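Geometric and topological summary
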Amino acid sequence: MPLALLALAVGAFGIGTTEFVMMGLLPDVADDLNISIPGAGHLVSAYALGVVIGAPLLAAVTARMSRRTVLIGLMGLFVVGNALSALAPDNGWLLAARLLSGLPHGAFFGVGAVVATNMVAPERKARSVSLMFLGLTVANVAGVPVATLVGQHLGWRATFLGVSAIGLAAIAALAFLIPHDHEHATAQGLRGELAALNSLPVWLSLGTTVAGFGALFAAYSYITPMLTDAAGYAGASVTLLLALFGVGATAGNLLGGRLADHSLRGTLFGGLASLVTVLALFPLLMRTEATAAVAVALLGMAAFATGSPLQLMVMEKASSAPSLASSANQAAFNLANAGGAWIGGLALAAGFGVTSPALAGVALAVLGLAVASLAYAVDRRRAPVAGRERIVASHVPREAEAVHH
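All residue numbers refer to positions counted from 1 along the written sequence of the respective chain. Confidence filtering applies because this is a predicted model: local features only for residues at pLDDT of at least 70, side-chain atom pairs given and counted only at 80 or more, and all residues used for totals across whole chains, interfaces and linings. Only heavy atoms go into the side-chain values, all of them from the structure, while hydrogens and water stay out.

Overview of the pattern of salt bridges
The salt bridge criterion pairs a side-chain nitrogen of Lys or Arg with a carboxyl oxygen of Asp or Glu, the two atoms within 4 Å. Enumeration according to the criterion identifies four salt bridges in this entry. A salt bridge links Asp 379 to Arg 265; its shortest N-O distance comes to 2.5 Å. Of this pair, Asp 379 sits in helix H15 (residues 356-404) while Arg 265 sits in helix H11 (residues 264-285), and the two are 114 residues apart along the sequence. Considered together, Asp 379 and Arg 265 belong to a single accessibility category, that of buried residues. A salt bridge links Lys 317 to Asp 379, with the nearest nitrogen and oxygen atoms 2.6 Å apart. On the criterion of sequence distance, the pair formed by Lys 317 in helix H13 (residues 307-317) and Asp 379 in helix H15 is long-range, its members being 62 residues apart. Summary of the burial criterion: residues with accessible area below 20% of their type's maximum are buried, those above 50% are exposed, and those between are partly exposed, where the area comes from a 1.4 Å probe applied to protein chains only. Using a relative accessible area of 27% as the deciding quantity, one classes Lys 317 as partly exposed. Taken together, the shared-partner salt bridges in this structure form one network comprising Arg 265, Lys 317 and Asp 379. Working definition: helices are DSSP H or I runs of at least four residues, strands are E runs of at least two. Numbering for both runs from the N terminus.

Some words on helix H3 (residues 67-86)
Here a helix's expected span is defined as the number of its residues, less one, multiplied by 1.5 Å. Its 20 residues place the ends of H3 29 Å apart at the C-alpha level, agreeing with the 28 Å of an ideal helix rising 1.5 Å per residue. Within the span of H3, buried status applies to Arg 67, Arg 68, Val 70, Leu 71, Leu 74, Met 75, Phe 78, Val 79, Gly 81, Asn 82, Ser 85 and Ala 86.

Description of unusual backbone geometry
Phi angles above zero are rare outside glycine, and Asn 34 is one such case at about 60°. Checked against the element boundaries, Asn 34 lands in the loop between helix H1 (4-33) and helix H2 (37-61).

Here we look at the nonpolar core
In these notes, a set of buried Ala, Val, Leu, Ile, Met, Phe, Trp, Tyr and Cys residues joined through side-chain atoms within 4.5 Å is what counts as a nonpolar core. Within the largest apolar cluster, 47 residues are counted, with the highest numbers of intra-cluster contacts made by Leu 216, Phe 282, Met 286 and Leu 299. Of all elements in the fold, only helix H8 (200-220), helix H9 (223-230), helix H10 (238-260), H11, helix H12 (289-304), H13, helix H14 (322-349) and H15 reach the threshold of two or more residues within this core. The contact rule is simple, with two residues in contact once any of their heavy atoms fall within 4.5 Å. Setting aside residues up to four positions removed in sequence, Leu 299 forms contacts with Leu 216, Tyr 220, Phe 245, Leu 275, Val 278, Leu 279 and Phe 282. One finds Leu 8, Ala 107, Val 111 and Leu 177 within the second-largest nonpolar core, a separate group that totals 36 residues.

Structural notes on the side chain of Thr 117
Tracing the backbone through its elements, the reader meets Thr 117 in helix H4 (residues 91-118). Of the residues examined, Thr 117 reaches a relative accessible area of 5% and is grouped as buried. Apart from residues no more than four positions distant in its own chain, Thr 117 is found in contact with Lys 125, Ser 128, Val 129, Leu 312 and Met 315.

Focus: the side chain of Asn 337
Along the chain, Asn 337 turns up in helix H14. The exposure class assigned to Asn 337 is buried, which follows from its relative accessible area of 16%. Excluding residues that lie within four positions of it along the chain, Asn 337 makes contacts with Glu 19 and Phe 217.

Remarks on the confidence of the model for the protein chain
Interpretation of this model should avoid reading the predicted coordinates in detail wherever pLDDT is low. Taken residue by residue, the protein chain gives an average pLDDT of 84. The fraction at 70 or more is 90%. Residue-level confidence of the predictor is summarised by pLDDT, bounded by 0 at the bottom and 100 at the top. Mean pLDDT across the secondary structure elements of the protein chain bottoms out at helix H7 (residues 189-195), with 63, and peaks at H11, with 94. Predicted confidence for residues 386-405 stays below pLDDT 50, and this span has zero contacts to residues more than four positions away or in other chains.

A few points about H8
Because an α-helix completes one turn every 3.6 residues, residues spaced three or four positions apart along the sequence face the same direction. With 21 residues, H8 should reach 30 Å at 1.5 Å per residue; the first-to-last C-alpha distance of 30 Å fits that figure. Gly 214 marks the point of greatest bend in H8, at about 25°. For H8, a buried count of 17 out of 21 residues is recorded, marking the element as mostly surrounded by other parts of the structure. A residue's bend is simply the angle between two axes: one fitted to the seven residues ending at it, one to the seven starting at it.

Concerning a nonpolar patch on the surface
A contiguous nonpolar surface patch, about 400 Å² in accessible area, is contributed by Leu 49, Ile 53, Leu 57, Val 61 and Leu 99. In terms of residues, the nonpolar patch owes the most to one element, H2, which gives four residues. Among the structural elements, Val 61 can be located in helix H2. The class of Val 61 is partly exposed, set by a relative accessible area of 47%. Note on patches: the residues involved have over 30% relative accessible area and no salt bridge, like charges join within 9 Å, and the nonpolar side chains Val, Leu, Ile, Met, Phe, Trp and Tyr join within 5 Å. Note on areas: these come from Shrake-Rupley sampling with a 1.4 Å probe, and a residue is covered only by the protein chains present in the view.

Written out as structure tokens, the structure is:
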């Protein structure tokens, strides 16, 4: 695998750290800025909104630029957003800075996935994407816990200055390791880029992402009360268990990338089926501390085994605008984050029990399997048509040549 993938992983590590660290810093930020905890929670939503807005927009408007230049520019915007977060004098400033920090998130992963797959042989594409995503999963193992501790001991502003430093290191790695190839996506303009998404297979792939990762976030958003109220863990142990989730996610990401290079759709179906099984067993596994720890790791593994297959599938379905499609998939991921948490909260508020968000996740994972199955059926119906079109096209020049003579 090219060393340039390391540069993409460093950028992904910084992005993953700043995305998830705010959850652990909410009390510190709320106290310092004199706002409520729910008010501080809007900072999480602001970042997600930035991802949803920025992912397709920035990928589309930078389509004619060198992808190396785009990646460096996106990471520069990331550094500015986090530096402004550290300097925020009030909540309004911090909300705007968090929105700005989220803008380059999806486009970085989208363009980065295209760069990663272009640097390797076709049979290693999924693995190259999984290695870029490795930075995101390792952020949950090491980056977020360390950044949270830094924020708690040195102040939350120090955390965002540290994340800015990671961004600067990523810029240096990108500049040094990404080839000067200036390869572009098809220069068809914003309207043409958006038109490439006007395809049923693309939207079915994005729908699978929303449902599949919505299943993850329906449960993961409420993992702390499950671990404390159902499994009996002390609150201080939760941080370590969340790192265990990151270990599972890292293993699932690497395994999914390797398997997807052999069978893209088979890995996707297997990952979603595993997610259904793990979530269905959550009420049982959350009865003891030991089995609850296993459940947390398995949840991360099953969910992130589908990450690389979904990213690659969306790119293939929108081959004329892979950067835009890949970035749109990151927007879908963040919609899954918000939607899954909302649906899991509905189950909890309805009084179905502390582990009920996991069962809500089962329903979403089954929906993801259904959408993926529909996408497979659509592909099978379109394949014979595409084959006939290729046969007809191959005969047209000969017939035309005969008429000409």
